[in-house]
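# Structural overview for review
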Amino acid sequence: MPIYRSEGLRAYTEFEAALAEEHAVVHELAQCAKIDVYNLVASDLFDRVAVAHEKMLAAYKTIECFKQ
């Protein structure tokens, strides 16, 4: 018998996915910094970082209700 509520598991799974997406996009941006190609892809990547960050914050707000 699971001890965790299904809505809690779902919320943490969504947070994990959002955080992983944000990390992947930021990593991609960091790789561009290494080879100094911001001018080629920066606007797209910065937009994607912003969107991913907003998703992560929304998912985090959902899991905050499980704080004790």
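Scroll up to find the structure.
All of the points below concern the structure found in this document.

Reading the values: the criteria
Residues numbered from 1 in each chain as written. Predicted model: local features only at pLDDT ≥ 70, side-chain atom pairs only at ≥ 80, totals over all residues. Heavy atoms only, no water. Salt bridge = Lys/Arg side-chain N within 4 Å of Asp/Glu carboxyl O. Buried < 20%, exposed > 50% of the residue type's maximum accessible area, 1.4 Å probe, protein only. Helix = DSSP H or I, 4+ residues; strand = E, 2+ residues; numbered from the N terminus.

Right, let's get into the pattern of salt bridges. Scanning the model with the defined rule gives 3 salt bridges in all. In this structure, R5 engages E7 in a salt bridge whose closest nitrogen and oxygen atoms are separated by 2.9 Å. On the basis of relative accessibility, which here comes to 36%, the residue E7 falls in the partly exposed class. Note that K55 is salt-bridged to E21, the shortest N-O span being 3.4 Å. Residue K55 is located in helix α2 (residues 38–63), and its partner E21 is located in helix α1 (residues 6–35); the two are separated by 34 residues in the primary sequence. You can call E21 partly exposed: its relative accessible area is 33%.

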